[in-house]
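Take a look at the letters that make up each chain.
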Amino acid sequence: MTKFRTRSRSFALLLAAGLVTVMMPLNAQADAGFKRWVADFYETAAKSGISRSTYQKAFAGISEPDPEALQKAQYQPEFKSQIWEYLDSRVNPYTVQIGRQMAARHGGTLNAIERHFGVDKNILLAIWSMESNYGAVLEKPERLHHVPQALATLAWADPKRAKFARTQLIAALKILQAGDVTPKQLTGSWAGAMGHTQFIPTSYLLYAVDADGNGKRDIWHSIPDALATSANLLAKNGWTTGKTWGYEAVLPAGAAKYEGQTKTLAQWAALGFVRPNGKGFPRGTDRASLKLMGGSNGPAFLMMKNFFTIKKYNAADSYALAVGLLADEIAGFGGMQQSWPRPHGTLDIKEKFELQSRMKQLGYYDGEVDGNFGSGSKAAISAIQKRLGMDQNGEPSQSLLRALR
Ligand SMILES: [Ca+2]
């Protein structure tokens, strides 16, 4: 432990002195420290049954830390977006449309998995979208990391994540040793999330399934394996077949004080909660917890047991809500009916799509219509604002959309 701290501190100094962004080749001294860590860690891995041959294969040709994992180890901004901004980037016309295409393309697989595990196929599609953009991230090899290298980097350089990374590294080595993948195929995010459904190695060991029957649990290349693995995780964590994740509700005046409480749907109805479409809640004794995810001026949600099962995948409420809403939209049940309390003059996700399409039609913008306002969209907005004599702040707004209509 002392050794680790010393190395970590000297590396921090190095970084502070150089700074030494990822653009520069990594310092030879750091590489030597990393290599020493990898050599030393074998003893720990061996205690978990990892053979020398597996270990050598896992780290063959790896002589330096993973640059991106190293950068994240040093600095991770605490980025907190509003719930509606988070949902806009995940539940939108694009993710719904691709979800429906995937539902059609993989219908047989999805139906078989739904029957076998009792988990709603639309939830599986939504998770697939959230985790890897329906596998699109796996098609960008430059964004994939070698999992043992990335985890060893975190274990070596990131005191906050060292324990997690050591545990995950051992699990990754076990996956390799079991022969499900070759060392080259053991790819993932900088933090070790792998394949179509972004399982970390310990979750893979618990839940991975060979659904296509080729003898390998391949969540990297087999869509049936990946989707069945997600279904298995949800099934083993209490997914209730045939039930929804929750209901959008209208918050009655003065009822914000019940936030976080759990009652039966009948009790919520008795307190004045209604669904925005006017329909009643199903009768019965199902219990639900009140969540006010956009504050007391936003819509209310009555979350059922399956919402909390989705959180076994990712513990954030915002994640589980996005999965639930996207699944409903893919299934054709429609989206949210109420609006989030967005700042005055800003656009909702449908309006963001409309603004981008209009800018494209007018020839100001040639990027994707995806609701995502990156540098291309901002430059286009500034150009239009200049043309119209508006303030050139590059921000999408209601006034700009009105001007283009
Ligand atoms: Ca398989």
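Everything discussed here concerns the structure shown above.
What comes next concerns the included structure. Remember, predicted model here, so these are calculated numbers, not experimental data.

## Notes on the overall build of the protein
- Each helix and strand counted, the protein has 18 helices and six strands in total.
- For 405 residues, the compact-globule formula gives about 22 Å, and the C-alpha radius of gyration of the protein, at 24 Å, lands near that figure.
- Projected onto its principal axes, the C-alpha coordinates of the protein cover approximately 65 × 60 × 45 Å.
- Of all 405 residues assigned to the protein, the portion counted as buried reaches 48%.
- Once local pairs closer than 6 in sequence are excluded, the contacts in the protein between residues at least 24 apart make up 65%.
- For the protein, the accessible surface area stands at approximately 20,200 Å², while carbon and sulfur atoms represent 50% of it.
- Taken together, the 48 basic and 34 acidic charged side chains of the protein have centroids lying 5 Å from each other.

## Describing the pairing of strand S5 (residues 287-291)
- Counting buried positions over the five residues of S5 gives four, a clear majority of the element.
- Bridge count for strand S4 (residues 262-264) against S5 is three bridges, and the pairing is antiparallel. Looking at S5, one finds that Thr264 is bridged to Arg287.
- The pairing of S5 with strand S6 (residues 300-303) spans three bridges and is antiparallel. Directly across from Lys291, in S6, lies its bridge partner Phe301.

## Quick notes on the environment of Ile219
- Mapped onto the fold, Ile219 is located in the loop between helix H11 (201-207) and helix H12 (223-236).
- Using a relative accessible area of 0% as the deciding quantity, one classes Ile219 as buried.
- For the pair Ile219 and Tyr204, spaced 15 residues apart in the sequence, the C-alpha separation amounts to 8.8 Å.
- Beyond its immediate stretch of four places on either side in the chain, Ile219 contacts Met194, Gly195, His196, Phe199, Tyr204, Asp225, Ala226 and Thr229.

## Examining the coordination of the calcium ion
- Protein-derived ligands of the calcium ion are Asp210 (OD), Asp212 (OD), Asn214 (OD1), Lys216 (O), Asp225 (OD) and Asp225 (OD), with the metal-ligand distances lying across 2.2 to 3.0 Å.
- The sequence pattern formed by the donor residues of the calcium ion is D-x1-D-x1-N-x1-K-x8-D.
- Relative accessible area serves as the criterion here: at 26%, Asp210 is assigned to the partly exposed category.
- Taking the relative accessible area as the measure of exposure, Asp212 reaches 37% and is therefore partly exposed.

## Notes on the packing of aromatic side chains
- A full pass over the atoms with the stated rule returns 14 aromatic pairs.
- Between Phe307 and Phe308, the aromatic rings sit 5.2 Å apart at their centres with planes inclined by 85 degrees, giving edge-to-face as the arrangement.
- The class for Phe308 is partly exposed, based on a relative accessible area of 31%.
- In this structure an aromatic cluster arises from ring pairing among Tyr42, Tyr55 and Phe59.

## Focus: helix H9 (residues 147-157)
- In terms of burial, H9 is largely enclosed, as 11 of its 11 residues are buried.
- Of all the positions in H9, only Val147, Pro148, Gln149, Ala150, Leu151, Ala152, Thr153, Leu154, Ala155, Trp156 and Ala157 are classed as buried.

## Quick look at the packing of helix H8 (residues 121-132) against H12
- Two elements in contact, H8 and H12, have axes whose closest approach is 10 Å; the angle formed by their N-to-C orientations is 110 degrees. Classified by the angle their axes make, H8 and H12 are roughly perpendicular. The crossing of H8 and H12 is right-handed. Counted together, Ile123, Leu124, Ile127 and Trp128 of H8 and Ile223, Leu227, Ser230, Ala231 and Leu234 of H12 form the full contact between these two elements.
- Considered class by class, the residues forming the contact of H8 with H12 number eight nonpolar, one polar and no charged.

## What to know about the side chain of Gln385
- Summarising the element assignment, Gln385 is placed in helix H17 (residues 375-388).
- When its relative accessible area of 2% is taken as the criterion, Gln385 is described as buried.

Cut-offs used in this document
- Residues numbered from 1 in each chain as written.
- Predicted model: local features only at pLDDT ≥ 70, side-chain atom pairs only at ≥ 80, totals over all residues.
- Heavy atoms only, no water.
- Helix = DSSP H or I, 4+ residues; strand = E, 2+ residues; numbered from the N terminus.
- Rg over C-alpha atoms; globule rule 2.2 N^0.38 Å.
- Buried < 20%, exposed > 50% of the residue type's maximum accessible area, 1.4 Å probe, protein only.
- Contact = heavy atoms within 4.5 Å.
- Areas by Shrake-Rupley, 256 points an atom, 1.4 Å probe, with all protein chains shown as cover.
- Lys, Arg positive; Asp, Glu negative; His and termini not counted.
- Charge placed at Lys NZ, Arg CZ, Asp CG, Glu CD.
- Pairing = 2+ DSSP bridges.
- Donors = N, O, S within 2.8 Å, 3.2 Å for Na, K, Ca; no water.
- Phe/Tyr/Trp six-rings, centres within 6.5 Å; stacked < 30°, edge-to-face > 60°.
- Axes fitted to C-alpha atoms, helices over the stretch in contact; angles between N-to-C directions.
- Parallel < 35°, antiparallel > 145°, perpendicular 65-115°, else oblique.
- Left-handed = near helix turned anticlockwise from the far one by under 90°.
- Nonpolar A, V, L, I, M, F, W, Y, C, P; charged D, E, K, R; others polar.

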